[in-house]
Amino acid sequence: MTALADAVRSAVGAVVDPELRRSIDDMNMVREITVDERGTAHVSIVLTVVGCPMAQKIETDVATAAASVPGVNEVDVTVGTMDPAERAALVERLRGARGRRSAPYSGSSRTRVIAVTSGKGGVGKSTLTANLAVALASRGHRVGLADLDVHGFSIPGLMGLVDATGAMPRPTRIDDMILPPVAHEVKTISIGMFLREGAERQAVAWRGPLLHRTVQQFLADVHFDDIDVLLLDMPPGTGDIAITVGQLLPDADVLVVTTPQPAAAEVAARSGLVARQTGQRVLGVVENMAPMPLPDGTVFDLFGAGGGQAVATALSTPDEQVPLLASIPLSPALRRDGDAGTPAVLADPHDAASLALTALAERIDLLPARRRGAQNIGHTGDPSGARAQPQR
């Protein structure tokens, strides 16, 4: 039965942890495997922590994998938990050479960081960020999304990480490492996931020091793993968090979101100017809620037109031209799908707004990376220029 047991070990070891997106064999979670004379496979695995929220899925996937091996008639799975030394070794291996740093995505990191900002609230910045993250993931990139809008977090709802009661998943902790939940193939983190039970709908009334520590923790302790791009959903304006991100990630790119109306455009330009003062580069401008073509051929311009180009012009200098990267039309589907927790680029891919967002993701792919060590997203990890494949 040795050969059969080896086959079971190979099948079981290929099971992927839903949070870490790595095989359980790579994470040293597989223990003893035997197959008796009746064809019963006895499989022993260990989970990272007690009460792992993915325990049931991992156990089911392991049993299914073992049962798929020809010659196995029954499967008996025993589940244990790693001891402190094993967890510490796993954390060290997952972090690799990066170790634990206060700003792991600065300097020579290969991950491209894009902060999505706006001068004022209500311009659809979070909806745009969620759809952009999913669009980039659909293009084969490994994507992380950090909701830094602490006082007005909405990313969990837009990504479908809020249930009917308003509860959000609690991120798994392996010692001091935090594993972000995954939605639509995007690793997502938000302060709402850390609030006490029943507090998700309450206000977060924090001042500078707490906000600064939250951003530091999201960057240092949340294990996004080897991602190609990290999107930051920034709070509106130029307050504490914008300054902290500028200090911790001076090499990040900034995407400025505005609506077409002049009042919003004028304020949006200020957020780009502040980002530039910290050393960040303004990647481009996105005009949201732009004029919407109607079935009869007319155009509905609720917020006017031209604001996006006005911001791009205001942020351009003789040495650096800031482009208007996209104009996203008003779209009932964009709003409806966001409320339902499935971004429109997935739920309604042929909607005009979805097409514009998909084109935005494609255009960002083609923009050269500025950061030291980072590559164009479309070429991450492959010197030959082949597009990165989704992480499974």
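Anything mentioned here points back to the structure above.
Residues numbered from 1 in each chain as written. Predicted model: local features only at pLDDT ≥ 70, side-chain atom pairs only at ≥ 80, totals over all residues. Heavy atoms only, no water.

(A) Representation of the environment of Pro156 within the structure. Mapped onto the secondary structure, Pro156 falls in helix H5 (residues 155-158). Among the residues examined, Pro156 registers a relative accessible area of 1% and is labelled buried. Aside from chain neighbours lying at most four places away, what touches Pro156 is Asp147, Leu161, Val162, Met168, Ser190 and Met193. (Helix = DSSP H or I, 4+ residues; strand = E, 2+ residues; numbered from the N terminus. Buried < 20%, exposed > 50% of the residue type's maximum accessible area, 1.4 Å probe, protein only. Contact = heavy atoms within 4.5 Å.)

(B) Spatial organisation of the packing of helix H1 (residues 2-13) against helix H2 (residues 55-67). Contact geometry for H1 and H2: axes closest at 8 Å, N-to-C directions at 140 degrees. It follows from the interaxial angle that H1 and H2 lie oblique. Here the hand of the crossing between H1 and H2 comes out right-handed. Here Val8, Ala11 and Val12 of H1 come into contact with H2, specifically with Val62, Ala65 and Ala66. Of the residues contributing to the contact of H1 with H2, the split by class is six nonpolar, no polar and no charged. (Axes fitted to C-alpha atoms, helices over the stretch in contact; angles between N-to-C directions. Parallel < 35°, antiparallel > 145°, perpendicular 65-115°, else oblique. Left-handed = near helix turned anticlockwise from the far one by under 90°. Nonpolar A, V, L, I, M, F, W, Y, C, P; charged D, E, K, R; others polar.)

(C) Region of the structure containing the packing of aromatic side chains. One pass over the structure, following the stated rule, counts one aromatic pair. Between Phe194 and Phe218, the ring centres sit 6.0 Å apart and the planes meet at 35 degrees, which makes this aromatic pair tilted. A residue pair is termed long-range when its members are at least 10 positions apart, and Phe194 in the loop between strand S9 (186-190) and helix H6 (208-220) and Phe218 in helix H6 qualify at 24 residues. Residue classification places Phe218 among the buried positions, given a relative accessible area of 3%. (Phe/Tyr/Trp six-rings, centres within 6.5 Å; stacked < 30°, edge-to-face > 60°.)

(D) Inspection of unusual backbone geometry at higher detail. The backbone phi angle of Asp175 is positive, close to 55 degrees, even though this residue is not glycine. At Asp225, a residue that is not glycine, the phi angle is positive and equals roughly 70 degrees. You can call Asp225 buried: its relative accessible area is 12%.

(E) Representation of helix H10 (residues 332-340). Taken together, the buried positions of H10 are Ala333, Leu334, Asp337 and Gly338. All buried residues of H10 project into a common sector of 125 degrees when viewed along the axis, lining one side. Of the exposed residues in H10, those oriented more than 90 degrees away from the buried face are Pro332, Arg335, Asp339 and Ala340. Of the surrounding secondary structure, the elements contacted by the buried residues of H10 are helix H4 (125-138), H5, strand S12 (281-290), strand S15 (324-329), helix H11 (344-347) and helix H12 (352-366). If you check the start of H10, you find a side-chain oxygen 3.3 Å away from the backbone N of Ala333, and it comes from Ser331. (Arc of directions from axis to C-beta. Polar contact = N/O pair within 3.5 Å; in protein donor to acceptor, adjacent residues only side chain to side chain.)

(F) How the structure looks around the side chain of Asp17. Within the secondary structure layout, Asp17 lies in the loop between H1 and strand S1 (30-35). Nearest to the buried, unbridged Asp17 among oppositely charged side chains is Arg21, at 7.0 Å. Only 2.8 Å separates the side chain of Asp17 from the backbone nitrogen of Glu19, close enough to count as a polar contact. (Lys, Arg positive; Asp, Glu negative; His and termini not counted. Salt bridge = Lys/Arg side-chain N within 4 Å of Asp/Glu carboxyl O.)

(G) Layout of the nonpolar core. With 79 residues, the main nonpolar core has Leu148, Met159, Leu230, Leu232, Leu249, Leu255 and Ile328 as its most contacted residues. Looking at this core element by element, the count peaks at eight residues for H4. Setting aside anything within four residues of it in sequence, one finds Leu230 in contact with Tyr105, Thr111, Arg112, Val113, Ile114, Gly144, Leu145, Ala146, Leu219 and Phe224. Membership of the second largest hydrophobic core comes to 33 residues, among which are Met27, Val43, Val62 and Ala66. (Core = buried A, V, L, I, M, F, W, Y, C linked by side-chain atoms within 4.5 Å.)

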